[in-house]
Amino acid sequence: MANSPAFELAAAELERLTDLDRLESRGTLRLALKEVLFESRSVDVAQMTKIVERILPRALAARGVGDHDSICERLAIALKSSDLSSSAAQSPDAVFDRLIRR
Amino acid sequence: MLALFGIGCFFVVGLLVGVRLLALWCRTRQLPELLAAVAMLGIGPLGTCVLGTGYLLFHDTSLMPLFHAAGLAIQGVGFSAIACFAWRVFRPNDRWAVALAAIISLVLLVDGFGMFVVLTPAGEFALRNHVSMSLKILAIGWGAFESLLYWRVSNRRAAIGFADPLVSASFLMWGIGLASGTLGLAVVYATIAWIGPGAVLSPPSQLFISCFGVVAAAAFYLGFLPPRAYRRRFGARAPAAGG
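So, here is what we can say about the structure in this document. All figures in this text were calculated on a predicted structure; none of them were measured in a lab.

Thoughts on the layout of surface pockets
Right, on to step 1. Within this model, the second largest pocket holds a volume of roughly 780 Å³.
Right, on to step 2. In terms of lining residues, the second largest pocket is bounded by 33 residues, among which Arg 41, Ser 42 and Pro 92 of chain A together with Phe 90 and Pro 92 of chain B are the most central.
Right, on to step 3. The element that contributes the greatest number of residues to the lining of the second largest pocket is helix α5 (residues 127-159) of chain B, accounting for 5 residues.
Right, on to step 4. A per-class count over the lining of the second largest pocket returns 15 nonpolar, 9 polar and 9 charged.

Here's what the structure looks like:
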């Protein structure tokens, strides 16, 4: 099953910014997603950003990655500045958020 | 008369919510808004208006089957929209969901517009009516199931600060509204299949339909037109986190 663009971006950035290899960076992100009941195939950019800011620092620290706060900050910036808004706008949460907004 | 109360509640809320969603679609031009608006207006006010006009003004005339067919066709479009909404919002990447939504929509649209070609007398309940009713129940039941399933996860995310509680509650309300509609439609179907179309529904059936109509109307109202006091129950909205 294909991963969401937000997950792919975060995984690629995490691999680039740390010594973690492809499998490790994706596995770390998947565990962080699982902790807050998200899936790599459906997580959107806003959800991914929040997970990077709130869950990932702890996960990276547990894996002995140094300077994890700074890495997560840069990851969050990369996600926020990405052009993934169209996929984010179609997640169930984003759709219902629009539907109930006055 | 008893059943009319529930249908009336659903009619009013369907009109309010449907028009609001249609106005929202005019601004966003997003498919989910359009599908939800078509579903609310088609099954509720538009379909009911056309069916009601036929029964009230053209009963026992040659125009009656035409109004009957038009009302059911409009409602069929509404049920198709619910199936497409379930696919587009909850299962956008699943092929089986695309196939299911396509089959439901295609059969209901062919059946709905086919009724103009071969007009079925209002008092007749043919095989195609069974197929059509079953697919309508499947469409609305599927929509309810997907929304309630998503609400279970969303509610747990909201508890740990990873989803907006109000948005999470709207999944529950959409699910309850559709589940109530499913049960109401199932009662109508079972009653029509049992006593035949055109016959007067028994008071218990009318009471059931009325209750389901009221519950659906209340759920859609809270879900899509949440009053200020209801919003306050969920506290301040979570910062942008995709919900």
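A few points about the interface of chain A and chain B
By a frequent convention, interface size equals the accessible area lost on bringing the separate parts together.
Right, on to step 1. Contacts between the two partners involve 26 residues from chain A, matched on the other side by 40 residues from chain B.
Right, on to step 2. Taken together, both faces of the contact between chain A and chain B bury some 2900 Å²; the carbon and sulfur share is 57%.
Right, on to step 3. In this structure, the connection of chain A to chain B is made through 3 salt bridges.
Right, on to step 4. Ionic pairing is found between Arg 41 of chain A and Asp 94 of chain B, a salt bridge with its closest N-O pair at 3.5 Å.
Right, on to step 5. Put simply, chain A and chain B have 7 residue pairs in polar contact (both at pLDDT 80 or more) between them.
Right, on to step 6. Sorting elements by how many residues they give to the side of chain A that touches chain B places helix α7 (residues 92-100) of chain A first, with 9 residues.

Quick word on the side chain of Ser 180 of chain B
Residue and element names in this part refer to chain B.
Right, on to step 1. Of note, Ser 180 is situated in helix α6 (residues 165-195).
Right, on to step 2. Residue class for Ser 180 comes out buried when judged on its relative accessible area of 4%.
Right, on to step 3. Sequence-distant contacts of Ser 180, defined by excluding residues within four places in its chain, comprise Phe 212, Val 215 and Ala 216.

Considerations on the nonpolar core
Right, on to step 1. Counting 52 residues, the largest nonpolar core has Phe 96 of chain A together with Leu 21, Phe 85, Trp 174, Phe 220 and Phe 224 of chain B as its most contacted members.
Right, on to step 2. Going through the elements one at a time, α7 of chain A together with α1 (2-28), α2 (31-57), α3 (64-90), α4 (95-117), α5, α6 and α7 (203-224) of chain B are the ones with two or more residues in this core.
Right, on to step 3. When residues no more than four places from it in sequence are discounted, the contact partners of Phe 220 of chain B are Phe 10, Val 13, Val 17, Met 40, Trp 174, Gly 177, Leu 178 and Leu 225 of chain B.

Parameters and conventions
Residues numbered from 1 in each chain as written. Chains lettered and ligands numbered in written order. Predicted model: local features only at pLDDT ≥ 70, side-chain atom pairs only at ≥ 80, totals over all residues. Heavy atoms only, no water. 1 Å grid on protein atoms, 1.4 Å probe; cavity = no way out; pocket = protein on both sides within 12 Å on 5 of 7 lines; lining within 4 Å. Points joined across faces, edges and corners; volume = space filled by probe spheres on them. Helix = DSSP H or I, 4+ residues; strand = E, 2+ residues; numbered from the N terminus. Nonpolar A, V, L, I, M, F, W, Y, C, P; charged D, E, K, R; others polar. Contact = heavy atoms within 4.5 Å. Buried area = accessible area lost by both parts, 1.4 Å probe. Salt bridge = Lys/Arg side-chain N within 4 Å of Asp/Glu carboxyl O. Polar contact = N/O pair within 3.5 Å; in protein donor to acceptor, adjacent residues only side chain to side chain. Buried < 20%, exposed > 50% of the residue type's maximum accessible area, 1.4 Å probe, protein only. Core = buried A, V, L, I, M, F, W, Y, C linked by side-chain atoms within 4.5 Å.

Coordinates in, geometry out; function isn't part of it.
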